[in-house]
Structures are given as C-alpha cells and as structure tokens.
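Inside the fold
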Amino acid sequence: MAPADLAPPTMRDVLDARRLLAAHLDPTPTRTYAALDHATRAHVVVKHENLQPTGAFKLRGALNLLQRLTPDERARGVTAFSTGNHAQAVAYAARTAAAPCTIVMPTSPNPTKADAVRDLGARLVLAGSTFDDAREHATALAADDGSRLVSAANEPLLVAGVATAYLELLERAPDLDVLVVPVGGGSGAAAACLVAHALAPDLDVVAVQSAASPAAHDSWRARDLLARPNTSRAEGLATGTGFALTQAMLREHLADFVLVDDDAIDRAAALYLTAAHTVAEGAGATALAAVLADPERFAGRRVGVVCSGGNASPAELRRVAAHLPG
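Please read all numbers here as calculations on a predicted model, not as lab measurements.

1. Comments concerning the domain arrangement of the chain
Assigned domains within the chain: domain 1 (11-56 + 155-322) and domain 2 (59-149). Placing a centre on the C-alpha atoms of domain 1 and another on those of domain 2 gives a separation of 22 Å. Listed per partner, the contact involves 37 residues of domain 1 and 25 residues of domain 2. Area buried by domain 1 at its contact with domain 2 is led by T54, L157 and E235, which between them contribute 22% of it. Residues E281 and K113 are paired through a salt bridge, measuring 2.6 Å at the closest nitrogen-oxygen approach.

2. A short note on the pattern of salt bridges
Going through the model one piece at a time under the given rule, you end up with 21 salt bridges. Between R118 and D115 there is a salt bridge, with its nearest N and O atoms 3.3 Å apart. Note that R118 and D115 are positioned in helix α6 (residues 111-119) at a spacing of three residues, about one turn of the helix. The exposure class of R118 is partly exposed, given its relative accessible area of 46%. Between D132 and R135 there is a salt bridge; the shortest N-O distance is 3.6 Å.

3. Focus on helix α7 (residues 131-145)
In this model α7 runs 21 Å from its N-terminal to its C-terminal C-alpha over 15 residues, within 8% of the 21 Å that 1.5 Å per residue would give. Every buried residue of α7 is listed here: F131, D132, A134, A138, L141 and A142. Each element contacted by the buried residues of α7 is listed here: β3 (78-81), β4 (101-105), β5 (123-126) and β6 (148-150). Remark: G146 follows α7 within two positions and exhibits a positive phi of approximately 80°.

4. Points about the UniProt feature "domain: Tryptophan synthase beta chain-like PALP" (unreviewed entry) in the chain
Taking the UniProt record as the reference, the feature "domain: Tryptophan synthase beta chain-like PALP" (unreviewed entry) is found at residues 24-309. Between the C-alpha atoms that bound residues 24-309 the distance is 19 Å, and the span itself is 48% helix and 16% strand.

5. Here we look at unusual backbone geometry
For R41, which is not glycine, the phi torsion reads 65° and is therefore positive. By the secondary structure assignment, R41 is in the loop between α2 (34-40) and β2 (43-47). Overall, R41 belongs to the partly exposed group, its relative accessible area being 47%. The phi torsion at H277 lies on the positive side, around 50°, for a residue other than glycine. For H277, the location among the structural elements is in the loop between α12 (262-276) and α13 (282-293). Assessed through its relative accessible area of 69%, H277 is described here as exposed.

6. As for the sheet that holds β5
The strand order across the open sheet built from four strands is β5-β4-β3-β6, with neighbouring strands paired in parallel fashion. At either margin of the open sheet sits one strand with a lone partner, and together these are β5 and β6. Each adjacent strand pair in this sheet contributes to an overall mean axis angle of 25°, direction not counted. Pairing analysis gives four bridges linking β3 to β4, with the strands arranged parallel. Pairing of V78 across the sheet is with C101, part of β4. In the packing of α7 onto the sheet, contacts are made with β3, β4, β5 and β6, and the angle to β3 comes to roughly 165°.

7. Some thoughts on the pairing of β2
Of all five residues making up β2, four are buried, and the element is well covered by its neighbours. Where strand β1 (residues 30-32) and β2 come together, three bridges link them in antiparallel fashion. Bridge pairing links R31 to V46 in β2. Direction of pairing for β2 relative to strand β10 (residues 302-306): parallel, over a ladder of five bridges.

8. Here we look at helix α3 (residues 58-66)
Helical geometry: 3.6 residues make up each α-helical turn, so side chains three or four residues apart lie on a common side. The element α3 is extensively covered by neighbouring structure, given that nine of its nine residues are classed as buried. All of the buried residues in α3 are K58, L59, R60, G61, A62, L63, N64, L65 and L66.

9. Here we look at the state of the cysteines
Here the structure, examined in full by the defined rule, presents zero disulfides. Left unpaired, C193 is separated from the closest cysteine sulfur, that of C307, by 20 Å. Overall, the relative accessible area of 1% leaves C193 in the buried class.

10. Some remarks on the sheet that holds β1
Within the open sheet, the six strands sit side by side as β1-β2-β10-β7-β8-β9. Their pairing is mixed. Because the sheet does not close on itself, it has two edges, and the strands there are β1 and β9 (256-260). Each neighbouring strand pair of the sheet contributes to a mean axis angle of 25°, computed without reference to strand direction.

11. With respect to the packing of helix α9 (residues 187-199) against helix α11 (residues 244-253)
The interhelical angle for the contact between α9 and α11, taken along N-to-C directions, is 40°, at an axis separation of 9 Å. One way to sum up the angle between α9 and α11 is to call them oblique. Handedness of the crossing formed by α9 with α11: left-handed. Counting all contacts with α9, which are made through S187, A189, A190, C193, L194 and H197, the residues of α11 involved are T246, M249, L250 and H253.

Rules and cut-offs
- Residues numbered from 1 in each chain as written.
- Predicted model: local features only at pLDDT ≥ 70, side-chain atom pairs only at ≥ 80, totals over all residues.
- Heavy atoms only, no water.
- Domains from an automatic or database assignment.
- Contact = heavy atoms within 4.5 Å.
- Buried area = accessible area lost by both parts, 1.4 Å probe.
- Salt bridge = Lys/Arg side-chain N within 4 Å of Asp/Glu carboxyl O.
- Helix = DSSP H or I, 4+ residues; strand = E, 2+ residues; numbered from the N terminus.
- Buried < 20%, exposed > 50% of the residue type's maximum accessible area, 1.4 Å probe, protein only.
- Expected span 1.5 Å × (residues − 1).
- UniProt positions renumbered as here; feature names shortened; annotations may be inferred.
- Pairing = 2+ DSSP bridges.
- Axes fitted to C-alpha atoms, helices over the stretch in contact; angles between N-to-C directions.
- Disulfide = S-S within 2.5 Å.
- Parallel < 35°, antiparallel > 145°, perpendicular 65-115°, else oblique.
- Left-handed = near helix turned anticlockwise from the far one by under 90°.

Laid out in structure tokens, this is it:
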C-alpha cells in the first residue's frame, strides 16, 4: 500500500481534473495508421500526447496540481526534478499559475528540453549525472527554501490529471483489447490502470520500460520498491527507483509489465516517422516498441498506445535516422 498521504486518486478526481483542464488544454487526437497496422499485424490506435504544448502527457498532471496550489504555496514557489518532460510540464504550469519555479535536471540534459525549461521562465539547476541525483538535489533545495517539491510520480493530483488522457482515449476507442503504456516513474501506467478499471475492467493494461532502466518493472515484479541501474538512452524512462504511489496502483490493476531494449525503442521511433509522420522521442516510442517486439501477443488485437514525448534531441534524431529504410 502507498502511504496514507499518498492515497490513490479516484475516478471522481479524474473527472474533476478534466473539468479544470478544459480551460487550459484541448483534447489530443486519437488516430490510426494503415502502415502501423501492417508493421505490427495489430490494429493500433495512437493517442497523440506528443502534440501537447510541452510535447508530453505530463502537462496534464502538472496543471492539475499547480492550479490547485494555495496562495501561500504559490508565493513560495515549486521545485521539481526531471530528465525533461516533467520539467517542462511543471515549468509551463508554474508560469500559468504565476508561481516561481526551480527545475533540477542532470548535468547533461537533452538540450531541447533544457532550453524549453529556460524559455518557460523557470530557474534551471543542473546537478548529478542521473535522474536520481537530480531528485536528491531538488529535495534538498526545497527543504532549504520552503518551496513545494513536485514529485515526478508520488503526487495523486498529478496522476489524476494524467488520467484524463486515458479517459479521452477510451471515449474515442472504447473497444480496445489492450493498452500499452510506457513507464518511467509510472504516473502514466497508474493513470491508465485507474481509468481502465473504472470504465473497461476487461481491458488489459501492459506497462513497458527500458531494460537499461528496469527499476519500476522490477519493483512491480517484486511487489517492493527497488533501486536498479539507470542507463537508458530514453531519458523519459530513465528512473532508478520505484515510486510508492504509482507502484501501489500498478500492483492493484496492471496485467503485465515488459521490458524492451533501447535499440528496439529507436526502431519504433523510426517507424513512427515513416508510418505515422510523427516525431517521437524514446519514451514516446516505447509502447509501440513493445508491440513490435511481441507480435504473437498483439496480432489481430485492437491495441491502444500513447505517443507521449515529442521532444527528441538532434542527437536522438540522428540515431533514429539510422533505422530508416533506404
């Protein structure tokens, strides 16, 4: 179970988040592509969270949380830690809420994401070589200055906001057989489990993480919070520990959790470029990578995937281009 102060959100919380977010975000498209179906032998339904203003679903959660800050919390500001997409989301939401914002990222961040954080008006601090180092530094900064630490996953309001993406998806595609969700901290997978359990209890939710950063996967399998090596190139997946709130939700409702390697993720990103005319960073392509990696499991089924993460760096795009045909 998650600690008492991390009680999982409910569908009522998700509906309330949708009401709040309607003033800030438009629904993102849900689309199908014949070329993806041909490549996977499944019927793939893509939810395009890469088209959010910050390029990822994280914005839903950050806005839902920061719009609910008390006046005192807004005045003291927020501090967050991230490899990039959560950073951009919190910076965007802080600007919307007129709250001071500090973002801590590892010392060699994706430059596209780091530049976006600065452009959104946040103070960017670089500390440590990994997500987990940045988390420790951000926690210390928040303790020193009294700002509100915004976790990448241990935030019920964040998960409720993220869940609105899956609510939209199931409204557009209620006949899905399976939903495949990428995992870093686990907010997306936890949100998917929440919505699927409430609206489509026979829908399988399958989580997927990079084999180079398997902490969430191993934590779920062990039913305990574990630390693991954290070396994935896909920075949106590069977390080194499990998170209490999201792991508790995954233990309740997740059907399965699989791993794919980083090269498979790059190949899936290349397929998005050619088959769906879509730029997907590693985290955004990971769900599709899992479908491609196990055709026998998914063949003939209606498979929902969320493309969340359109913030590929120039270096990542060059690497993905090596997998393009021709």
